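Chains, contacts and geometry: an overview
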Amino acid sequence: MKNIYVLEHFDFSEEQMKRLKSLGNVVYYEKADQNQIDDAVANGGPILLDWIDPTNILLNMKKGQFICLPYTGFDWITTLKQALDNGVVISNTPNYSTNAVAEHHLGLILTATKQIPYFNKFLLNDEKVPFKRSVEISGKTIGIIGLGNIGKRLAELLMPFGVRILTYNPTKKNLEKIKDVSLDELLKTSDIVCVTCRLTDTTRNMLNKEKLSLMKDNAILTQTTGGIIDLNDLYELVKENKFFGIGLDDIDQLSYPKELLRTERVYCSYHRAFDTNESEKNRIDICIDNIEAYLNNKSINLIKK
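Residues numbered from 1 in each chain as written. Predicted model: local features only at pLDDT ≥ 70, side-chain atom pairs only at ≥ 80, totals over all residues. Heavy atoms only, no water.

**Examining the overall build of the protein chain**
Of regular secondary structure, the protein chain possesses 12 helices and 12 strands. Contacts spanning at least 24 positions in sequence make up 58% of the contacts within the protein chain whose residues lie at least 6 apart. Surface accessibility of the protein chain: about 15,700 Å² in total, with carbon and sulfur atoms responsible for 48%. Considering the protein chain, the positive charge centre built from 38 side chains and the negative charge centre built from 40 side chains are found 5 Å apart. (Helix = DSSP H or I, 4+ residues; strand = E, 2+ residues; numbered from the N terminus. Contact = heavy atoms within 4.5 Å. Areas by Shrake-Rupley, 256 points an atom, 1.4 Å probe, with all protein chains shown as cover. Lys, Arg positive; Asp, Glu negative; His and termini not counted. Charge placed at Lys NZ, Arg CZ, Asp CG, Glu CD.)

Here it is as structure tokens:
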């Protein structure tokens, strides 16, 4: 049986670890050092990692070797194309956190409309809670930028609130109860704008000052995909008292003015939208599926050139 290298900690359940061990000899590290990483690459068995940067590992892997990247996005890995050109077999874990991120996005909307953390901080400090009126979601026009798996799930969660949903995508979706519009129309018309599209060269900083200025002054803006909103431009508009509320996630790899996050009506969860007990179980299950498929010469969830 081949060695299967787990280079750092994963929250395997007993059942998951039992399944993984049925596929090969599991070499498990809480966090592998460089010598242990080099040994894993030299051995040639499947590799599973999490927070360890795969950039150099991919460069050292040979044709036919397998690595599972336990995340959905991989555009940030600069050596990915070279590794694929070298014949390295690479899988990722698509859609493991679709529901988690969609629910979190709904949470950001509710946070920005109901401002619960704002009120809570006064209670935590044993201070008098001030008067501050919130808004309802019911009856609002909501624009979703990017109607992929997460955007669709978010739309499903929002529909029971009795909202009108608009969407902007590179190609029209033609879905019942959801209207396809241009980006400018979505920004001008929506009471709440939700950013769920993928980060690409085209979408990076797509919502700059010019685009954000199209939004209603009392609109709510939320994101669970970082890099689409230019956060420096956003702060300039926040200083002009634009927006009723803002909910942000996935900002850990971004440059932004610290003052933005100290603003009263800006709520940020850093990068936690994906992380639930359920999504973690999904992620590990998909990783094991990927390893099993590779060992049976039936690779799945492959990243392609």
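**Observations concerning the sheet that holds strand β12 (residues 266–268)**
Read across the sheet, 7 strands follow the order β8-β7-β6-β9-β10-β11-β12 without closing on themselves; strand pairing throughout is parallel. Strands with a single pairing partner mark the edges of an open sheet, and in this sheet they are β8 (178–180) and β12. Between one strand and the next, the sheet's axes are offset by a mean angle of 20°, whatever the strand orientation. Lying on the sheet, helix α7 (residues 149–158) is in contact with β6 (141–145), β7 (164–168), β8 and β9 (192–195); it crosses β6 at an angle near 165°. (Pairing = 2+ DSSP bridges. Axes fitted to C-alpha atoms, helices over the stretch in contact; angles between N-to-C directions.)

**Here's the deal with the environment of L261**
Along the polypeptide, L261 turns up in helix α11 (residues 258–261). Overall, L261 belongs to the partly exposed group, its relative accessible area being 30%. Separated by 15 residues in the primary sequence, L261 and I246 place their C-alpha atoms 9.9 Å from one another. With near-sequence residues (within four places) excluded, L261 lies in contact with L248, I251, Y256, V266 and C268. (Buried < 20%, exposed > 50% of the residue type's maximum accessible area, 1.4 Å probe, protein only.)

**A look at the packing of helix α1 (residues 14–21) against helix α12 (residues 277–295)**
Between α1 and α12, the least distance of the axes is 10 Å, while the angle of their chain directions is 10°. Considered as vectors, α1 and α12 are oriented roughly parallel to each other. Side by side, α1 and α12 meet where Q16, R19 and L20 of the first sit next to K281, I284, D285, I288, D289, I291 and E292 of the second. Here the contact of α1 with α12 is composed, by residue class, of 4 nonpolar, 1 polar and 5 charged. (Parallel < 35°, antiparallel > 145°, perpendicular 65-115°, else oblique. Nonpolar A, V, L, I, M, F, W, Y, C, P; charged D, E, K, R; others polar.)

**A closer look at the nonpolar core**
Counting residues in hydrophobic clusters, the biggest one holds 29 residues, and the most contacted among them are I145, L207, L212, L221, L234 and F243. Sort the elements by how many residues they give to this core and helix α10 (residues 231–239) lands first, with 5 residues. (Core = buried A, V, L, I, M, F, W, Y, C linked by side-chain atoms within 4.5 Å.)

**Comments concerning the packing of helix α5 (residues 98–114) against α7**
Packing of α5 against α7 leaves a shortest axis separation of 8 Å and a crossing angle of 50°. Taken as axis vectors, α5 and α7 run oblique relative to one another. The element α5 and its partner α7 pack so that their crossing is right-handed. In this structure, α5 uses T98, N99, V101, A102, E103, H105, L106 and I109 to contact α7, whose residues at the interface are N149, I150, R153, L154, L157 and L158. (Left-handed = near helix turned anticlockwise from the far one by under 90°.)

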